[in-house]
Amino acid sequence: MKSLRQRWFERFIQGALTKPGWLLALFVLLGLGGALLASRLEFRGSFVELLPAGAREVQDLTRVSQKAGGDGYLVLRARGALPETLRTYAQELQGQLEKLPQVRYVEHHFDVGFFLKNGLLLQPAEQLDALRTDLEARIRYEQRQLNPFYVELVKTPEPLTFEEISRKYLPESPVREDLTSVDGTEVYLFIKPAGTAADLGFARQFVDEAKAVAARVAQRYPGVVVDSTGNFQSRIEEDSVMRRDLANAGLLSALLAVGLILLATRRISALAVVGMPVMVGVLLTFAFAQLVIGHLNVVTGFLVAILIGLGIEYGVHLAMRYWEERRRHDVREALSEAVRGTFSGALTSAVTNASAFLVLLLAQFQAFQQFGLLAGMGVMLAVLAAYGLGPALLSIAERIRPFRAPSSAGASPASAPHSNTQERMGPRWPTSVVAGLALAVLAFAGFSVFMAPRLGFETDMRKLKGDSPSSRLDDHITAQLGTPLNPAILLVDDLEQARTVRQIISDVQARHGADSVFLRSASLVDLIPTDVERRQQALSRLQTLMAGLPEELLAEPRVKSFQDMMGAQPYGLEQLPIEARRRFEALDGKGMFLLLFPSVSNYDTRDLHRWAAQLDEVVVGAREKGIDLSVLDSNRIASRIFALVRGDGPFILGAAAVVVFLAIFASLRSLKRALLVAGPLFLGMVCLAGGMYLFDVQLNFINAVVLPNLLAIAVDNSVHLYHRYEEEGPGSLGHVVRHTGLAAVVATLSNAAGYGALLVASHQGLRSIGQIALLGVVCTFLGTTVFFPALLALLERWKARRQEGAGEGAVVRSLDIGAEREPASQPVERRSA
């Protein structure tokens, strides 16, 4: 009596044969629905999207951005004309830009005279005492020089002149009068927007309008050329590059897959049989992404290329097995045998793949979690689409163009024996050659183990983001101004908290000494005088001292400027020039900012780690004093991402290996067979270290997600090979390798095409994914499709010799524990899935 499973299977095959159009229509509707949902899916390339919304760094960024009105600047550079013309152009452009609703303010020119006039009020009292000593010496010298009866009997050094005293004691202005290059041939305008760079819609509109205004004003200044950089411009450029790269990689992956299918099958119908299920699976996966997550990020964005490679694999095995069976059977029997013979292996590999991907849900890094969820779902949808739609497409293909068996078959397809000894065994390679192949793979694995400790982790962010006009201009302006363009922004409530935090920053600097990564800080504390009464007393004494000079000396400009500074009156926030005050004040008037500039590169992750750690010390110190300090800093977020990736990597890779092995064990229900199938897979993963060393490929926080994926992808070959070998029986290895092995090669090449398409990416991070994945696919192929069949052949020959030596006959038995097989020369009864 037939089981429920057998009856369901027969009904499905019958439906695929009699009503293939209905199945096709159903999947087309599913694909169209998926396409409609997937069309709403947006891409977010910001690294902020890689962290959960509840992360402290993200919460700080949101809070400070709302107060500051943005998380960086758009920086315009004007050049190509005389310095006077450039300054005039910049002044006019500043006024026009500040009329835009998206612009808070523009920094270009500052009232330096205000700070020079009030400079002595900002000096420490100790400096004023030292100033008085030097002034007294100079005044005595001047008085002696004016005395006609004075004769210098002993030569003494001349005291500092008034000009030298000015240079020694008057502080430099906290801002430059004009933001220009060192030689004055370039002027810079720092535009502060009212939105964030993470909002790409706002960023594009803001940047486009600002550039349009700059170009319109430049028409009245012949020769003036304007370009741009800053957080907003860099964000837009990187997003555009990544979108273009992902689209190109997806298209190239599809084209390569088409070429591989045609080359392997030489059938146009194979494109539909293999390609349509892949398309449906990908669309449904991204529809799922839209419903569950709502967007893609820099890690999940390359799933298209991966899912194409994975999805093709199931269709390739099904189609190639069908056409192999069709040489011997009619359509119904061939379709039944193809589905029965491949579905078990496909389901095992799909479950194994999905399990390995879903292990990423255990990661702390949100981007890994999202990738694992989408990839796991994508794999299951791919196998369901391949076996739900594939048989119907094969049936339709038979109606359009019936299969033609080779004329040399010698027998009708229905009556031809399934196999004979020659066909099943194929050309028998010498044992020495087979052993040589196995030993070569083992030797390379040994080399990989030796070289693994020498592999590094890419720490240079510039190598991941890639070079761009914006990044080059950013470096140039930073060198010209001597300060980074995007400092960390620390939010406090008032001036008193700002003073406390500034002292904490100084303490952290002192504690780390030469290892400190803080260049300097800036805040309203630096612009507002403190201890005013003591300073006024010191200035009053200086005025009295200056009053003792003769009238003719007091009238000289070099002395008069000192008198003006000594008459400076105390001032508060309201008296500060607006262009110096607004960068430190919150939009809503509640709170103020400190700017903290790093002294190290923004691209080296080792420096970023030190920066983030010392910044955290400031945050902890502030909270110990009751200050709820919030920090807006993209470098801190980047450091957090690196820490999560480093922490997740080994655990996720180990967990994926365990899950893959357990999935194989559950499918084969034998520890011995599970070890036999999984061992070559892990051997191939070991070989990856050697490949990375030879081709100088390093891990980074973007491509690290590929490692557990390689386990999932590579297991398919060994699973399909072993299932077919079990089905055919001992002595069939040549036949299995020739047919299922060929399908495995095509599947491997399709996976390689999916990842390898990323090699054309301009974005270095995406390209690194292609590099390590391509190496991984090749190395795991060595283990699963070269070493594994060689191992099976050696075990089979060893067992045959042992049985012959024991007088047990020449019949070679199965590797399966306790399983009895029929002689290799007899037809083998097929196992159902």
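Quick note: structure is the one above.
The residue count restarts for each chain, going from 1 along the sequence in the order it is written. With the structure being a predicted model, the display of local features is reserved for residues of pLDDT at least 70 and the display and counting of side-chain atom pairs for 80 or more, all residues being used for whole-chain, interface and lining totals. Based on all heavy atoms of the structure, the side-chain values leave hydrogens and waters out of the count.

Caption draft 1: Expanded view of the pairing of strand S2 (residues 74–79). Working definition: with a 1.4 Å probe on protein chains only, accessible area under 20% of the residue-type maximum means buried, over 50% means exposed, and in between means partly exposed. Secondary structure elements are taken from DSSP: a helix is a run of H or I of four residues or more, a strand is a run of E of two residues or more, and numbering for both begins at the N terminus. For S2, a buried count of 5 out of 6 residues is recorded, marking the element as mostly surrounded by other parts of the structure. Strand pairing is assigned whenever DSSP identifies at least 2 bridges connecting the two strands. Direction of pairing for S2 relative to strand S4 (residues 186–193): antiparallel, over a ladder of 6 bridges. Within S4, the position partnered with Leu76 by the bridge is Leu189. Here S2 runs beside strand S5 (residues 225–230); their pairing, made up of 6 bridges, is antiparallel.

Caption draft 2: Looking closely at the nonpolar core. Nonpolar cores were defined as sets of buried Ala, Val, Leu, Ile, Met, Phe, Trp, Tyr and Cys residues, with membership established by side-chain atoms within 4.5 Å. In terms of nonpolar packing, the biggest core is built from 203 residues, with Phe371, Leu490 and Val501 touching the most fellow members. Two residues form a contact once any of their heavy atoms are found within 4.5 Å. Those residues in contact with Leu490 that sit more than four places away from it in its chain are Val501, Ile505, Met592, Phe593, Leu594, Leu596, Leu615, Val618, Leu629, Ser630 and Val631. Counting 29 residues, the second-largest nonpolar core is a separate cluster that includes Val106, Phe202, Val217 and Phe232.

Caption draft 3: Layout of helix H12 (residues 331–358). Taking 1.5 Å per residue, 28 residues should reach 40 Å; H12 reaches 38 Å between its end C-alpha atoms and fits that length. Note on bend: the value at a residue is the angle between axes fitted to the seven residues ending there and to the seven starting there. Along its length, H12 reaches its greatest deviation from straightness, about 35°, at Phe343. Multiplying 1.5 Å by the residue count of a helix minus one yields the expected span of that helix.

Caption draft 4: Inspection of the packing of aromatic side chains at higher detail. Pairing of aromatic side chains here covers Phe, Tyr and the six-membered ring of Trp, requires ring centres within 6.5 Å, and sorts the geometry by plane angle: under 30 degrees stacked, over 60 edge-to-face, intermediate tilted. Across all of its chains, the model carries 13 aromatic pairs by this definition. Seen in terms of ring centroids, Phe114 and Tyr571 are 5.0 Å apart; in terms of plane orientation they differ by 70°. Their pairing is edge-to-face. Residue Phe114 is located in helix H5 (residues 112–117), and its partner Tyr571 is located in the loop between helix H21 (557–566) and helix H22 (578–581); the two are separated by 457 residues in the primary sequence. Both residues of the pair, Phe114 and Tyr571, belong to the buried class. An angle of 70° between the planes, with centres 4.9 Å apart, marks the rings of Phe365 and Phe368 as edge-to-face. Note on Phe368: relative accessible area 3%, which makes it buried. An aromatic cluster of at least three residues, connected via ring pairs, comprises Phe202, Phe206 and Phe232. Residue placement shows Lys192 over the ring face of Tyr73; its charged tip is 5.0 Å from the ring centre. Either the NZ atom of lysine or the CZ atom of arginine qualifies as a charge over a ring when it sits within 6 Å of the ring centre and within 35 degrees of the ring normal.

Caption draft 5: Spotlight on the pattern of salt bridges. Take a side-chain nitrogen of Lys or Arg and a carboxyl oxygen of Asp or Glu: if they are within 4 Å of each other, that pair is a salt bridge. Scanning all chains against the criterion turns up 24 salt bridges. Among the salt bridges present, the one from Arg583 reaches Glu107, with a minimum N-O distance of 2.6 Å. Highlighted residues: Arg583 in the loop between H22 and strand S9 (592–598) and Glu107 in strand S3 (residues 103–107), separated in sequence by 476 residues. Glu158 serves as the salt-bridge partner of Arg138, at 3.0 Å between the closest nitrogen and oxygen. Of the two residues, Arg138 sits in helix H6 (residues 125–146) while Glu158 sits in the loop between H6 and helix H7 (162–169), which places them 20 residues apart along the sequence.

Caption draft 6: Just the side chain of Arg326, in detail. Position of Arg326 among the secondary structure elements: in helix H11 (residues 303–326). At a separation of 2.8 Å, a polar atom in the side chain of Arg326 contacts the side chain of Glu398. Side-chain atoms alone can form a polar contact between residues adjacent in sequence; in general such a contact is a pair of N or O atoms within 3.5 Å, and within protein one must be able to donate a hydrogen while the other accepts it.

Caption draft 7: Broad picture of the packing of H6 against H7. Axis definition: a line fit to C-alpha positions, over the contact stretch in the case of helices; interaxial angles, taken between N-to-C directions, run 0 to 180 degrees. H7 packs onto H6 with a crossing angle of 175° between their chain directions and a minimal axis gap of 11 Å. Accordingly, the angle class assigned to the pair H6 and H7 is roughly antiparallel. Counted together, Gln127, Ala130, Leu131, Asp134, Leu135, Arg138 and Glu142 of H6 and Phe162, Ile165, Lys168 and Tyr169 of H7 form the full contact between these two elements. Only Asp, Glu, Lys and Arg are considered charged in this grouping, and only Ala, Val, Leu, Ile, Met, Phe, Trp, Tyr, Cys and Pro are considered nonpolar; every other residue, Gly among them, is considered polar. Looking at the contact of H6 with H7, its residues break down into 6 nonpolar, 1 polar and 4 charged. For classification purposes, an angle smaller than 35 degrees is called roughly parallel, one larger than 145 roughly antiparallel, one from 65 to 115 roughly perpendicular, and anything else oblique.

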